[in-house]
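# Commentary on secondary and tertiary structure
As a plain string of letters, each chain reads:
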Amino acid sequence: MARPLDLARRFPLGAVGAVIMVVFVGAAICADVVAPFSPLTTNPALSLARPDALHPFGADAMGRDILSRILHGARISLAVGIFSTMIGALFGVTIGIASGFIGGWFDLVVQRLTDILQALPVLVLALVMSAALGPSLPNTIIAISIPLIPYVSRVIRANTLALRELAFVESAEATGMTRWRIAIRHILPNTLAPLIVIATAQLGSTILTEASLSFLGLGVPEPYPSWGRMLSDSAAEYMRTAPWLVIFPGLAISLAVFGTNMLGDALRDLLDPRQRS
Amino acid sequence: MGAYLVRRFGLMLLTLFGISLIIFVLLRLVPGNIVDILFDSAGMVNPADKARIEQELGLDRSLPMQYAAWIGGMVQGDLGFSYVSEKSAWAEIGPRIPVSARLAGTALLFAIAIGVPLGVISAVRQNSALDYALRVMSLSGLSVPSFWLGLLVLMAFVALFGAMPIYTQESRTWTEAILLVLVPAATVGFRSSALIMRLTRSAMLEVLRQDYIRTAHAKGAYPRAVNYRHALRNAMLPVVTVIGMEAAFLAGGLIVTETVFNIPGLARFLVESIRNRDYPIVQNLVMLIAFLVVTINFVVDLMYAALDPRIRVGG
């Protein structure tokens with residue numbers, strides 16, 4: 001493996017993305033320590049307070065410090081993003097490898113099911129899911145992870161089909177290894193690279209989906225300080241008088257997604273030899 | 001070719017059938033139906049009234065019966081009626097179709113007009129400062145949530161003109177008409193343009209490395225002709241796929257944009273209906289979206305064969 005500095009020189013955009021992500025993960029972990037105020041304490045005297053030295057991003061209609069809410073909001077965004085990507089990846093990889101390896105009617109059924117799930121835009125499916133499950137943090141994670149499964153399983157299945165033809169899998173079969181062992185010992189480790197690429201790429205879109213759901217009032221419920229929720233109705237209402245209610249949460253979403261996208265691009269260039277130029 | 005079309009058509013029907021089942025079951029998972037909501041908000045609970053209304057709406061029947069009634073009606077062109085407005089679902093959905101279609105069409109045109117040329121430029125000038133700037137721009141296009149972009153645009157309007165554009169069915173002037181469709185459309189299309197640009201760039205880079213491009217340069221063809229006539233034409237295949245997919249998936253962007261700009265289209269109606277547990281509307285709207293997606297995918301597959309003679313459909 002190359003040293004971090006060499007990597008940063010080869011992938012400057014990826015390095016910027018990594019730095020952004022480190023900052024956001026740091027904010028999420030240390031929100032309790034770094035945030036100057038409680039994200040939930042309301043203060044009528046501060047309602048719609050302009051940004052100043054004490055409250056650099058201002059305060060919302062209920063007088064809650066926006067900077068503190070954004071720092072705590074990083075927890076929600078990253079938790080939803082990371083957990084739903086992990087759940088989507090876990091099921092997607094299992095189904096993808098099984099489908100590519102078992103083949104036959106099982107593959108056929110799985111392919112039709114992925115067709116069905118992919119016939120709806122992610123946000124539409126997540127919206128209906130989230131409405132069906134009811135608004136809560138775990139339900140939002142589930143609602144966002146399910147549309148991910150077909151995307152991951154398609155990529156992993158194609159990868160598994162390609163791997164099956166390779167000499168090392170054939171020789172493993174010739175030595176009498178069981179199919180399960182081949183799948184776990186030989187196929188699974190070789191799906192890691194495409195998995196990392198697709199997971200980082202999807203992390204950004206899961207963060208965006210969560211923000212959209214919460215913006216529409218069908219995602220993470222109050223009192224969690226979700227970035228999308230901060231932008232919903234109230235922000236639009238005070239858009240004329242208190243633009244900081246709109247600017248800062250949106251900036252946080254955009255930066256976080258920008259960071260994962262740049263990191264994802266660099267990882268793809270690094271791990272996917274076909275894309276290397 | 002004929003057998004392929006029949007098989008593809010069968011798969012489309014199968015997919016739509018699967019979607020209808022999933023949506024139907026999902027909506028019935030929602031705790032509380034429309035009658036509960038009406039009674040909660042009215043604050044009166046007379047079980048007899050409630051049972052009567054449930055019977056009127058057909059909610060007292062078994063789930064398979066309700067499903068059969070929905071599909072049976074749909075086949076005969078009867079989409080049921082909205083629980084909220086009590087108008088027929090078609091009367092609610094129909095008038096909203098042109099609103100969303102115009103928005104989506106303009107957004108897609110915007111995305112193609114921006115995405116394809118910038119993608120070509122980015123590829124031709126690979127690793128130049130311009131390429132880097134365009135790549136950062138496209139990445140930010142994929143990162144900025146379109147509802148935030150919409151809010152920013154509205155704020156800019158307030159700052160510049162002191163007023164927000166309010167959507168009206170009949171625009172008073174030409175400029176207003178353009179503004180009211182173009183601004184939201186650009187907001188939705190920005191994301192798609194970024195995606196199309198990225199894909200055009202990588203497809204172009206792939207093609208520009210081929211021997212026949214070097215040959216074209218060697219025989220003295222104008223660089224512009226090589227880039228656009230020789231390279232772009234062959235790079236369009238994956239781009240067409242993404243344009244097709246984006247056309248269908250614009251629905252996601254429309255949902256938030258119609259909400260931000262208060263545009264009375266299908267996507268905002270879907271969100272409202274989900275909130276109101278207006279099952280007939282949600283079911284039919286989701287089916288409409290799924291129908292559009294599978295149809296567009298089908299058309300894209302056929303276009304593949306037309307664009308690339310090497311691909312033989314069904315061969």
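What comes next is a walk through the structure. Bear in mind the structure is a predicted one, so any value in this text is a computation, not a measurement. All residue numbers refer to positions counted from 1 along the written sequence of the respective chain. Chain letters start at A and ligand numbers start at 1, both assigned in the order the entries are written. Local features are withheld for residues below a pLDDT of 70 in this predicted model, meaning they are given only at 70 or higher, and side-chain atom pairs are given and counted only at 80 or more; totals for whole chains, interfaces and linings count all residues. Heavy atoms from the whole structure form the basis of all side-chain values; hydrogens and water molecules are not counted.

### Points about unusual backbone geometry
Residue and element names in this part refer to chain B. The line we're drawing: In this text, helices come from DSSP runs of H or I with a minimum length of four residues, and strands from runs of E with a minimum of two, each type numbered from the N-terminal end.
For Asn127, which is not glycine, the phi torsion reads 65 degrees and is therefore positive. Positionally, Asn127 belongs in the loop between α6 (96-124) and α7 (129-143). Unusually for a residue other than glycine, Arg277 sits at a positive phi of about 55 degrees. Inspection of the secondary structure assignment puts Arg277 in the loop between α12 (266-275) and α13 (279-307).

### Points about the nonpolar core
Nonpolar side chains tend to gather and get buried jointly when the protein is soluble and globular. In plain terms, the rule: Among the buried residues, those of types Ala, Val, Leu, Ile, Met, Phe, Trp, Tyr and Cys that are joined through side-chain atoms within 4.5 Å form a nonpolar core. Here the term buried applies to any residue with accessible area under 20% of the maximum for its type, exposed to any over 50%, and partly exposed to those in between, with areas from a 1.4 Å probe on protein chains only. Contact definition: two residues touch when any of their heavy atoms are within 4.5 Å.
Formed by 135 residues in total, the largest nonpolar core has its most connected members in Leu120, Leu127 and Trp227 of chain A together with Ile19, Ile255, Leu270 and Val286 of chain B. In terms of residues, this core owes the most to one element, helix α11 (residues 223-261) of chain B, which gives 18 residues. Among all residues touching Ile255 of chain B, those that are not within four sequence positions of it are Leu123, Val124, Leu127 and Leu216 of chain A together with Ala267, Leu270 and Val271 of chain B. Val93, Ile97, Phe101 and Val152 of chain A belong to the second largest nonpolar core, which has 14 residues in total.

### Some thoughts on the interface of chain A and chain B
Put simply, the rule is: Buried area adds together the accessible area that both of two parts lose upon being put together, with accessible area traced by a 1.4 Å probe. Each salt bridge in this description consists of a side-chain nitrogen of Lys or Arg and a carboxyl oxygen of Asp or Glu lying within 4 Å of one another. Under the rule applied, a polar contact is a pair of N or O atoms within 3.5 Å (in protein, one hydrogen donor and one hydrogen acceptor; residues adjacent in sequence only if both atoms are side-chain atoms). Nonpolar residues are Ala, Val, Leu, Ile, Met, Phe, Trp, Tyr, Cys and Pro. Charged residues are Asp, Glu, Lys and Arg, and all others, Gly as well, are polar.
Each partner contributes to the interface: chain A provides 43 residues, whereas chain B provides 49 residues. Taken over both partners, the interface formed by chain A and chain B buries close to 4,100 Å², and the fraction arising from carbon and sulfur atoms is 80%. Inspection of the chain A/chain B interface yields 1 salt bridge. Ionic pairing is found between Asp265 of chain A and Arg198 of chain B, a salt bridge with its closest N-O pair at 2.9 Å. Here chain A is connected to chain B by 5 residue pairs in polar contact (both at pLDDT 80 or more). Of all elements in the fold, only α2 (12-29), α5 (104-118), α6 (122-133), α11 (192-215) and α14 (244-271) of chain A reach the threshold of two or more residues within the side of chain A that touches chain B. In terms of residues, the side of chain A that touches chain B owes the most to one element, α14 of chain A, which gives 12 residues. Within the side of chain A that touches chain B, the residues separate by chemical class into 32 nonpolar, 6 polar and 5 charged.

### Description of the packing of aromatic side chains
Rules: Two aromatic rings from Phe, Tyr or Trp, using only the six-membered ring of Trp, form a pair when their centres are within 6.5 Å; if the ring planes differ by under 30 degrees the pair is stacked, by over 60 it is edge-to-face, and anything between is tilted.
Summed over the entire model, instances satisfying the criterion amount to 7 aromatic pairs over all chains. With centroids separated by 6.1 Å and ring planes inclined at 85 degrees, the aromatic side chains of Trp105 of chain A and Phe106 of chain A adopt a geometry described as edge-to-face. Taking the relative accessible area as the measure of exposure, Phe106 of chain A reaches 25% and is therefore partly exposed. On the basis of an interplanar angle of 80 degrees and a centroid distance of 6.0 Å, the ring pair of Tyr67 of chain B and Trp70 of chain B is categorised as edge-to-face. You can see Tyr67 of chain B and its partner Trp70 of chain B sitting in helix α4 (residues 63-75), 3 residues apart, about one turn around the helix. Residue Trp70 of chain B is classed as buried on the basis of its relative accessible area of 7%. Grouped by ring-pair contacts, the aromatic residues Phe24, Tyr67 and Trp70 of chain B constitute a single cluster.

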